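Chain residues, written in single-letter form:
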Amino acid sequence: MAPRPLIAGNWKMNGQLRDLAELQAIADAGRNGLNEGRDILICPPATMLSASFGILGDVAAVGGQDCHPADSGAHTGDIAATMLKDVGARYVIVGHSERRADHGESDELVRAKAEAAMRAGLIAVICIGETEAERDADATTDVLDRQLAGSLPDDVDGDQVVVAYEPVWAIGTGKTPTADDVRDIHAFIRRRLVDRFGDAADGVRILYGGSVKPANAAEFLAIDNVDGALVGGASLKASDFVAICQASPTA
Ligand code: 13P
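From a predicted model like this one, the values you see are computed outputs, not experimental measurements.

(A) Structural context of the packing of aromatic side chains. Tallied over the entire structure, the rule returns two aromatic pairs. Between Tyr-165 and Tyr-208, the ring centres sit 6.4 Å apart and the planes meet at 55 degrees, which makes this aromatic pair tilted. On the criterion of sequence distance, the pair formed by Tyr-165 in strand β6 (residues 161–165) and Tyr-208 in strand β7 (residues 205–209) is long-range, its members being 43 residues apart. Sitting over the ring of Trp-169, Arg-135 keeps its end group 4.0 Å from the ring centre.

As C-alpha coordinates, then:
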(Lines give C-alpha, C1' and ligand atoms only; values in the text may rest on other atoms or scores of the structure.)
Protein backbone atom coordinates (compact mmCIF):
# COMPACT_ATOMS: atom_id res chain seq x y z
CA MET A 1 0.00 0.00 0.00
CA ALA A 2 1.34 3.44 -0.93
CA PRO A 3 2.22 5.61 2.06
CA ARG A 4 0.05 8.61 2.94
CA PRO A 5 1.04 11.48 0.60
CA LEU A 6 2.97 14.43 1.98
CA ILE A 7 2.82 17.86 0.38
CA ALA A 8 5.56 20.03 1.83
CA GLY A 9 6.29 23.71 1.32
CA ASN A 10 9.84 25.00 1.74
CA TRP A 11 9.79 28.77 2.16
CA LYS A 12 13.61 29.00 2.08
CA MET A 13 14.85 32.48 3.11
CA ASN A 14 11.48 34.10 2.47
CA GLY A 15 8.75 35.23 4.79
CA GLN A 16 8.11 37.83 7.45
CA LEU A 17 5.37 38.08 10.02
CA ARG A 18 3.05 39.80 7.54
CA ASP A 19 3.15 36.59 5.47
CA LEU A 20 1.40 34.68 8.23
CA ALA A 21 -1.77 35.66 6.33
CA GLU A 22 -0.82 33.01 3.73
CA LEU A 23 -0.68 30.39 6.46
CA GLN A 24 -4.02 31.55 7.79
CA ALA A 25 -5.46 30.93 4.32
CA ILE A 26 -3.99 27.39 4.32
CA ALA A 27 -5.43 26.79 7.79
CA ASP A 28 -8.85 27.97 6.55
CA ALA A 29 -8.64 25.61 3.56
CA GLY A 30 -7.74 22.85 6.01
CA ARG A 31 -11.02 23.32 7.79
CA ASN A 32 -12.67 22.35 4.50
CA GLY A 33 -10.91 18.99 4.42
CA LEU A 34 -7.62 19.90 2.69
CA ASN A 35 -5.65 17.50 4.89
CA GLU A 36 -8.01 14.54 4.68
CA GLY A 37 -6.02 11.57 3.37
CA ARG A 38 -2.80 13.54 2.99
CA ASP A 39 -0.23 15.18 5.23
CA ILE A 40 0.67 18.83 4.77
CA LEU A 41 3.89 20.44 5.95
CA ILE A 42 5.15 24.01 5.88
CA CYS A 43 8.82 24.76 6.55
CA PRO A 44 8.95 28.53 7.14
CA PRO A 45 12.11 30.35 8.20
CA ALA A 46 13.01 29.54 11.81
CA THR A 47 11.95 33.05 12.86
CA MET A 48 8.35 32.19 11.94
CA LEU A 49 8.14 28.64 13.25
CA SER A 50 6.45 29.36 16.52
CA ALA A 51 3.81 31.68 15.05
CA SER A 52 3.26 29.28 12.12
CA PHE A 53 2.65 26.40 14.52
CA GLY A 54 0.07 28.48 16.34
CA ILE A 55 -1.81 29.29 13.13
CA LEU A 56 -1.69 25.94 11.35
CA GLY A 57 -2.76 23.89 14.37
CA ASP A 58 -3.59 20.35 13.27
CA VAL A 59 -4.20 21.31 9.62
CA ALA A 60 -0.53 21.23 8.67
CA ALA A 61 2.68 20.32 10.42
CA VAL A 62 5.56 22.77 10.61
CA GLY A 63 9.21 21.96 10.08
CA GLY A 64 12.66 23.47 10.11
CA GLN A 65 14.81 23.92 7.01
CA ASP A 66 18.05 22.73 8.60
CA CYS A 67 19.47 21.70 11.96
CA HIS A 68 22.88 21.30 13.58
CA PRO A 69 24.15 17.75 14.17
CA ALA A 70 24.65 18.44 17.90
CA ASP A 71 21.82 18.67 20.41
CA SER A 72 23.10 21.91 21.98
CA GLY A 73 26.35 23.77 22.50
CA ALA A 74 28.68 26.55 21.41
CA HIS A 75 27.60 26.91 17.77
CA THR A 76 26.69 30.54 17.29
CA GLY A 77 23.87 31.09 14.85
CA ASP A 78 22.95 27.44 14.48
CA ILE A 79 19.71 25.77 15.49
CA ALA A 80 19.45 22.34 17.12
CA ALA A 81 16.78 19.81 16.21
CA THR A 82 15.77 19.82 19.88
CA MET A 83 14.98 23.56 19.57
CA LEU A 84 12.84 23.01 16.48
CA LYS A 85 10.95 20.32 18.34
CA ASP A 86 10.55 22.66 21.30
CA VAL A 87 8.60 25.22 19.23
CA GLY A 88 6.30 22.68 17.63
CA ALA A 89 8.19 21.36 14.60
CA ARG A 90 7.51 17.77 13.56
CA TYR A 91 9.87 17.64 10.57
CA VAL A 92 13.18 19.14 9.47
CA ILE A 93 14.66 19.33 5.98
CA VAL A 94 18.31 18.24 5.84
CA GLY A 95 20.76 18.18 2.94
CA HIS A 96 18.85 20.55 0.69
CA SER A 97 20.96 21.20 -2.41
CA GLU A 98 21.15 24.90 -1.51
CA ARG A 99 22.80 23.98 1.79
CA ARG A 100 25.02 21.39 0.12
CA ALA A 101 26.12 24.10 -2.36
CA ASP A 102 26.12 27.26 -0.19
CA HIS A 103 27.65 25.65 2.90
CA GLY A 104 29.61 22.75 1.43
CA GLU A 105 27.55 20.17 3.31
CA SER A 106 28.79 16.61 2.78
CA ASP A 107 26.74 13.41 2.82
CA GLU A 108 28.36 12.60 6.15
CA LEU A 109 27.21 15.89 7.69
CA VAL A 110 23.71 15.45 6.27
CA ARG A 111 23.55 12.00 7.84
CA ALA A 112 24.65 13.42 11.21
CA LYS A 113 21.91 16.06 10.94
CA ALA A 114 19.31 13.41 10.09
CA GLU A 115 20.44 11.43 13.14
CA ALA A 116 20.10 14.54 15.32
CA ALA A 117 16.59 15.05 13.95
CA MET A 118 15.65 11.48 14.81
CA ARG A 119 17.11 11.79 18.33
CA ALA A 120 14.91 14.85 18.82
CA GLY A 121 11.84 12.97 17.61
CA LEU A 122 11.59 14.84 14.31
CA ILE A 123 11.08 13.32 10.87
CA ALA A 124 14.08 14.15 8.67
CA VAL A 125 13.29 15.13 5.07
CA ILE A 126 16.56 14.13 3.43
CA CYS A 127 17.18 15.78 0.05
CA ILE A 128 19.12 14.27 -2.81
CA GLY A 129 19.50 15.24 -6.46
CA GLU A 130 21.92 15.63 -9.32
CA THR A 131 23.24 18.85 -10.85
CA GLU A 132 22.82 19.67 -14.51
CA ALA A 133 26.47 18.78 -15.22
CA GLU A 134 26.04 15.42 -13.50
CA ARG A 135 22.90 14.76 -15.50
CA ASP A 136 24.62 15.71 -18.75
CA ALA A 137 27.43 13.30 -17.86
CA ASP A 138 24.86 10.49 -17.37
CA ALA A 139 25.87 10.28 -13.72
CA THR A 140 22.41 10.75 -12.17
CA THR A 141 22.02 7.29 -10.67
CA ASP A 142 25.65 7.23 -9.47
CA VAL A 143 25.11 10.54 -7.66
CA LEU A 144 21.82 9.42 -6.12
CA ASP A 145 23.38 6.12 -5.08
CA ARG A 146 26.21 7.93 -3.32
CA GLN A 147 23.89 10.44 -1.65
CA LEU A 148 21.46 7.75 -0.49
CA ALA A 149 24.25 5.58 0.89
CA GLY A 150 25.99 8.50 2.61
CA SER A 151 23.14 10.72 3.80
CA LEU A 152 20.66 8.22 5.23
CA PRO A 153 21.12 6.79 8.72
CA ASP A 154 20.90 3.04 9.26
CA ASP A 155 17.73 1.25 10.30
CA VAL A 156 15.20 3.92 9.44
CA ASP A 157 11.53 3.65 8.57
CA GLY A 158 8.80 5.93 7.26
CA ASP A 159 8.11 7.39 10.71
CA GLN A 160 11.66 8.71 10.85
CA VAL A 161 12.64 9.77 7.35
CA VAL A 162 11.26 11.10 4.10
CA VAL A 163 13.46 11.20 0.98
CA ALA A 164 13.06 14.17 -1.37
CA TYR A 165 14.38 13.82 -4.92
CA GLU A 166 15.14 17.32 -6.15
CA PRO A 167 17.13 17.56 -9.39
CA VAL A 168 19.20 20.68 -8.78
CA TRP A 169 18.67 21.92 -12.34
CA ALA A 170 14.88 21.89 -11.82
CA ILE A 171 14.90 24.02 -8.66
CA GLY A 172 13.54 27.50 -9.26
CA THR A 173 14.12 27.23 -13.03
CA GLY A 174 10.72 26.21 -14.39
CA LYS A 175 12.49 23.22 -15.99
CA THR A 176 11.27 19.77 -14.96
CA PRO A 177 12.17 16.17 -15.76
CA THR A 178 9.72 14.19 -17.88
CA ALA A 179 7.15 12.04 -16.10
CA ASP A 180 8.99 8.96 -17.43
CA ASP A 181 12.27 10.16 -15.93
CA VAL A 182 10.61 10.81 -12.57
CA ARG A 183 8.99 7.35 -12.65
CA ASP A 184 12.34 5.66 -13.39
CA ILE A 185 14.30 7.64 -10.81
CA HIS A 186 11.74 7.18 -8.04
CA ALA A 187 11.61 3.43 -8.79
CA PHE A 188 15.41 3.38 -8.57
CA ILE A 189 15.32 5.17 -5.20
CA ARG A 190 12.65 2.77 -3.91
CA ARG A 191 14.78 -0.24 -4.92
CA ARG A 192 17.78 1.18 -3.11
CA LEU A 193 15.68 1.81 0.03
CA VAL A 194 14.28 -1.74 -0.07
CA ASP A 195 17.79 -3.18 -0.54
CA ARG A 196 18.93 -1.35 2.57
CA PHE A 197 15.89 -1.24 4.85
CA GLY A 198 13.79 -4.19 3.68
CA ASP A 199 10.04 -4.01 4.37
CA ALA A 200 10.50 -0.78 6.39
CA ALA A 201 11.29 0.99 3.09
CA ASP A 202 7.67 0.64 1.94
CA GLY A 203 6.58 3.33 4.38
CA VAL A 204 9.30 5.81 3.44
CA ARG A 205 7.78 8.60 1.37
CA ILE A 206 9.73 9.70 -1.70
CA LEU A 207 8.85 13.28 -2.65
CA TYR A 208 9.53 14.97 -5.96
CA GLY A 209 10.74 18.58 -5.83
CA GLY A 210 11.76 21.10 -8.47
CA SER A 211 9.44 23.65 -10.13
CA VAL A 212 6.25 21.97 -8.90
CA LYS A 213 3.32 24.28 -9.73
CA PRO A 214 -0.47 23.95 -9.73
CA ALA A 215 -0.29 23.27 -13.49
CA ASN A 216 2.04 20.26 -13.29
CA ALA A 217 1.38 18.90 -9.79
CA ALA A 218 -1.31 16.37 -10.71
CA GLU A 219 0.92 14.79 -13.36
CA PHE A 220 3.88 14.34 -10.99
CA LEU A 221 1.77 13.24 -8.03
CA ALA A 222 0.08 10.47 -10.03
CA ILE A 223 3.40 8.72 -10.77
CA ASP A 224 4.21 5.44 -8.99
CA ASN A 225 6.54 5.95 -6.03
CA VAL A 226 5.93 9.70 -5.99
CA ASP A 227 4.49 10.01 -2.50
CA GLY A 228 4.23 13.77 -2.44
CA ALA A 229 6.01 16.97 -3.37
CA LEU A 230 8.53 19.38 -1.91
CA VAL A 231 7.48 22.78 -3.19
CA GLY A 232 9.59 25.94 -3.11
CA GLY A 233 8.37 29.09 -4.85
CA ALA A 234 4.77 27.96 -5.30
CA SER A 235 4.43 27.31 -1.57
CA LEU A 236 4.73 31.02 -0.79
CA LYS A 237 1.25 31.76 -2.11
CA ALA A 238 -1.54 29.99 -0.27
CA SER A 239 -3.75 29.71 -3.37
CA ASP A 240 -1.00 27.93 -5.34
CA PHE A 241 -0.01 25.70 -2.45
CA VAL A 242 -3.61 24.73 -1.71
CA ALA A 243 -4.12 23.90 -5.41
CA ILE A 244 -1.02 21.64 -5.30
CA CYS A 245 -2.35 19.91 -2.17
CA GLN A 246 -5.70 19.37 -3.88
CA ALA A 247 -3.92 17.83 -6.88
CA SER A 248 -2.45 15.07 -4.72
CA PRO A 249 -4.11 11.68 -4.42
CA THR A 250 -5.39 10.80 -0.96
CA ALA A 251 -4.59 7.69 1.06
P1 13P B 1 11.03 25.38 -6.46
O2 13P B 1 9.69 24.73 -6.25
O3 13P B 1 11.01 26.87 -6.27
O4 13P B 1 11.66 24.94 -7.75
O5 13P B 1 12.00 24.85 -5.29
C6 13P B 1 12.08 23.49 -5.04
C7 13P B 1 12.82 23.29 -3.78
O8 13P B 1 14.02 23.50 -3.70
C9 13P B 1 12.06 22.86 -2.59
O10 13P B 1 12.91 22.46 -1.57
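The discussion continues.
(B) Examining the environment of Leu-221 more closely. Tracing the backbone through its elements, the reader meets Leu-221 in helix α9 (residues 214–221). Residue Leu-221 is classed as buried on the basis of its relative accessible area of 4%. Excluding residues within four positions of it along the chain, Leu-221 makes contact with Ile-7, Val-226, Gly-228, Ala-229, Ile-244, Ala-247, Ser-248 and Pro-249.

(C) Molecular detail of the site of the ligand. The full set close to the ligand counts 13 residues, and Lys-12, His-96, Gly-172, Ser-211 and Gly-233 are the nearest of them. Contacts to the ligand include His-96, whose side-chain N or O atom sits 2.8 Å from an oxygen atom. Here an oxygen atom of the ligand sits 2.8 Å away from a polar atom, N or O, in the main chain of Gly-232. For the ligand, whose free accessible area comes to 310 Å², the fraction covered by protein is 97%. Of the residues in the shell around the ligand, the class split is four nonpolar, seven polar and two charged.

(D) Structural context of unusual backbone geometry. Even without being glycine, Lys-12 reaches a positive phi, approximately 55 degrees. Along the chain, Lys-12 falls in the loop between β1 (6–10) and α1 (20–30). In the Ramachandran plot, Asp-138 falls in the positive-phi region, its phi being about 60 degrees despite a non-glycine side chain. For Asp-138, the position within the fold is in the loop between α6 (132–136) and α7 (140–151). What makes Asp-138 exposed here is its relative accessible area of 71%.

(E) Here's a closer look at the sheet that holds β6. Strand order in the closed barrel made by the eight strands is β1-β2-β3-β4-β5-β6-β7-β8, with parallel pairing throughout. When strand polarity is set aside, the average angle formed by the axes of neighbouring strands in this sheet is 25 degrees. Sheet strands in contact with α7 are β5 (123–128) and β6, and its direction is about 155 degrees off that of β5. Together, β5, β6 and β7 form the strand contacts of helix α8 (residues 179–197), whose direction differs from that of β7 by roughly 150 degrees.

(F) Fine view of the packing of α1 against helix α2 (residues 49–56). Two elements in contact, α1 and α2, have axes separated by 9 Å at closest approach and are oriented at 25 degrees. If you check the angle between α1 and α2, you find them roughly parallel. Between α1 and α2 lies a crossing whose hand is right-handed. Residues Leu-20, Leu-23, Gln-24, Ile-26 and Ala-27 of α1 form the contact with α2, whose participating residues are Ala-51, Ser-52, Ile-55 and Leu-56.

(G) Spatial organisation of the side chain of Glu-166. Structurally, Glu-166 can be placed in the loop between β6 and α8. The side chain of Glu-166 sits in the buried core without any salt bridge; Lys-12 is the nearest counter-charge, 6.0 Å away. Residues contacting Glu-166, with those up to four places away along its chain left out, are His-96, Cys-127, Ile-128, Gly-129, Glu-130, Ile-171, Gly-209, Gly-210 and Leu-230.

(H) Geometry of the environment of Gly-150. Note that Gly-150 resides in helix α7. For the pair Gly-150 and Ala-124, spaced 26 residues apart in sequence, the C-alpha separation works out to 15 Å. The contact partners of Gly-150, leaving out residues within four places of it in the chain, are Asp-107, Glu-108 and Arg-111.

(I) Structural context of the nonpolar core. In this structure, Ile-26, Ile-189 and Leu-193 are the most contacted members of the largest nonpolar core, which totals 65 residues. Per-element tally for this core: the top contributor is α8, with seven residues. Apart from residues lying up to four places away in sequence, Leu-193 is in contact with Leu-148, Leu-152, Val-163, Gly-198, Ala-201, Val-204 and Ile-206. If you look at the next biggest cluster of nonpolar residues, it comprises 14 residues, including Cys-43, Ile-93, Ile-123 and Cys-127.

Criteria and cut-off values
Residues numbered from 1 in each chain as written. Predicted model: local features only at pLDDT ≥ 70, side-chain atom pairs only at ≥ 80, totals over all residues. Heavy atoms only, no water. Phe/Tyr/Trp six-rings, centres within 6.5 Å; stacked < 30°, edge-to-face > 60°. Helix = DSSP H or I, 4+ residues; strand = E, 2+ residues; numbered from the N terminus. Lys NZ or Arg CZ within 6 Å of the ring centre and 35° of its normal. Buried < 20%, exposed > 50% of the residue type's maximum accessible area, 1.4 Å probe, protein only. Contact = heavy atoms within 4.5 Å. Near = heavy atom within 4 Å. Polar contact = N/O pair within 3.5 Å; in protein donor to acceptor, adjacent residues only side chain to side chain. Areas by Shrake-Rupley, 256 points an atom, 1.4 Å probe, with all protein chains shown as cover. Nonpolar A, V, L, I, M, F, W, Y, C, P; charged D, E, K, R; others polar. Pairing = 2+ DSSP bridges. Axes fitted to C-alpha atoms, helices over the stretch in contact; angles between N-to-C directions. Parallel < 35°, antiparallel > 145°, perpendicular 65-115°, else oblique. Left-handed = near helix turned anticlockwise from the far one by under 90°. Lys, Arg positive; Asp, Glu negative; His and termini not counted. Salt bridge = Lys/Arg side-chain N within 4 Å of Asp/Glu carboxyl O. Core = buried A, V, L, I, M, F, W, Y, C linked by side-chain atoms within 4.5 Å.

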